[in-house]
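Structure at a glance
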Amino acid sequence: MENIGAYKVSRPSLMSLLFSMIFSSGILLLNTRNNTEYKVLLYFGYIWSAFCLIVVIILLYRIITIRKFIEVRIHPDAIIVENKEIQANQIDNIYVKGYFIPVIGIKPVDHKFPPYKLCFSFLDEEYKGMKELTAWAESNQIKLSKKRFMRWL
């Protein structure tokens, strides 16, 4: 398998999601603590706060353990992100979100959203990497969508 290109990339930041989850769960906990009349809302608030706490723990784990800088290698029939090889026939769509620092998300056929481990931004050779990724997607007949997308934790 001939190597077309290797690029240094970074994972998208999770800090904004982390701060918004902490902020929203804090407001919810304050409101549920002051609520003594409606027990259903009280229990719903505690359940939602537990969900937010689980998401915050997952985000903190991701921030601490996942390497910030990884390598993406583009081969004629596959893309290797970190050490995970994705064949071209296993990719449903490639999303590009943003303009100045675009975030690329690779959505496999069997997933509803692009997984976090398949999302990245080019660091050094952004223009060259985007151009090569676009050419690779066209040659393998993979749809490349320039729009906002949600990613899975």
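The structure we're discussing is the one just above.
All values derive from a computational prediction rather than experimental measurement.

Considering the overall build of the protein chain
Assigned secondary structure in the protein chain consists of three helices and eight strands. The order of helices and strands in the protein chain, counted from the N terminus, is β-α-α-β-β-β-β-β-β-α-β. For 153 residues, the compact-globule estimate of 2.2 N^0.38 gives 15 Å, and the protein chain exceeds it by more than 25% at 19 Å. In terms of overall dimensions, the protein chain has a C-alpha envelope of 65 × 25 × 25 Å along the principal axes. Here the protein chain holds 153 residues, and 40% of them are scored as buried. When contacts within the protein chain are restricted to residue pairs at least 6 apart in sequence, those whose partners lie at least 24 apart make up 66%. Accessible surface for the protein chain amounts to roughly 10,000 Å². Of this, 61% is attributable to carbon and sulfur atoms.

Topic: the nonpolar core
By size, the foremost hydrophobic cluster in this structure holds 22 residues, and its most contacted members are Val81, Ile94, Ile104, Ile106, Phe120 and Trp136. Discounting residues that sit within four places of it in the chain, tryptophan 136 has contacts with Ile74, His75, Pro76, Asp77, Ala78, Ile79, Ala88, Ile91, Ile94 and Ile142. Core analysis: the second largest hydrophobic core is formed by six residues, Leu18, Met21, Val55 and Leu59 among them.

Regarding the environment of asparagine 31
Considering the arrangement of structural elements, one finds asparagine 31 in helix α1 (residues 15–34). On the accessibility criterion, asparagine 31 (48% relative accessible area) is partly exposed.

Re a nonpolar patch on the surface
There is a patch of nonpolar side chains on the surface, built from Met15, Phe19, Ile22, Leu60, Ile63 and Ile64 and spanning about 570 Å² of accessible area. For the nonpolar patch, the secondary-structure elements that each account for two or more residues are α1 and α2 (39–65). Residue position: methionine 15 is located in helix α1. According to the relative accessible area criterion, methionine 15 is partly exposed, its value standing at 34%.

A closer look at the packing of aromatic side chains
Inspection of the entire model under this criterion finds three aromatic pairs. Here tyrosine 7 and phenylalanine 122 contribute two aromatic rings whose centre-to-centre distance is 5.5 Å and whose plane-to-plane angle is 80°, an arrangement assigned as edge-to-face. In this pair, tyrosine 7 is assigned in strand β1 (residues 5–10) and phenylalanine 122 in strand β7 (residues 119–122), connecting sequence segments 115 residues apart. Pair check on accessibility: tyrosine 7 and phenylalanine 122 agree, each one buried. Ring plane angle 80° and centroid distance 5.2 Å describe the contact between tyrosine 99 and phenylalanine 100, whose orientation is recorded as edge-to-face. Joined through ring pairs, the aromatic side chains of Tyr7, Phe120 and Phe122 make up one cluster. Positioned above the aromatic ring of phenylalanine 69 is the side chain of lysine 8, whose terminal nitrogen or guanidinium carbon lies 5.3 Å from the ring centre.

Calculation criteria
- Residues numbered from 1 in each chain as written.
- Predicted model: local features only at pLDDT ≥ 70, side-chain atom pairs only at ≥ 80, totals over all residues.
- Heavy atoms only, no water.
- Helix = DSSP H or I, 4+ residues; strand = E, 2+ residues; numbered from the N terminus.
- Rg over C-alpha atoms; globule rule 2.2 N^0.38 Å.
- Buried < 20%, exposed > 50% of the residue type's maximum accessible area, 1.4 Å probe, protein only.
- Contact = heavy atoms within 4.5 Å.
- Areas by Shrake-Rupley, 256 points an atom, 1.4 Å probe, with all protein chains shown as cover.
- Core = buried A, V, L, I, M, F, W, Y, C linked by side-chain atoms within 4.5 Å.
- Patch = residues over 30% accessible without salt bridge, like charges linked within 9 Å, V, L, I, M, F, W, Y side chains within 5 Å.
- Salt bridge = Lys/Arg side-chain N within 4 Å of Asp/Glu carboxyl O.
- Phe/Tyr/Trp six-rings, centres within 6.5 Å; stacked < 30°, edge-to-face > 60°.
- Lys NZ or Arg CZ within 6 Å of the ring centre and 35° of its normal.

In short, the description is geometric, and any link to function would need to be established separately.
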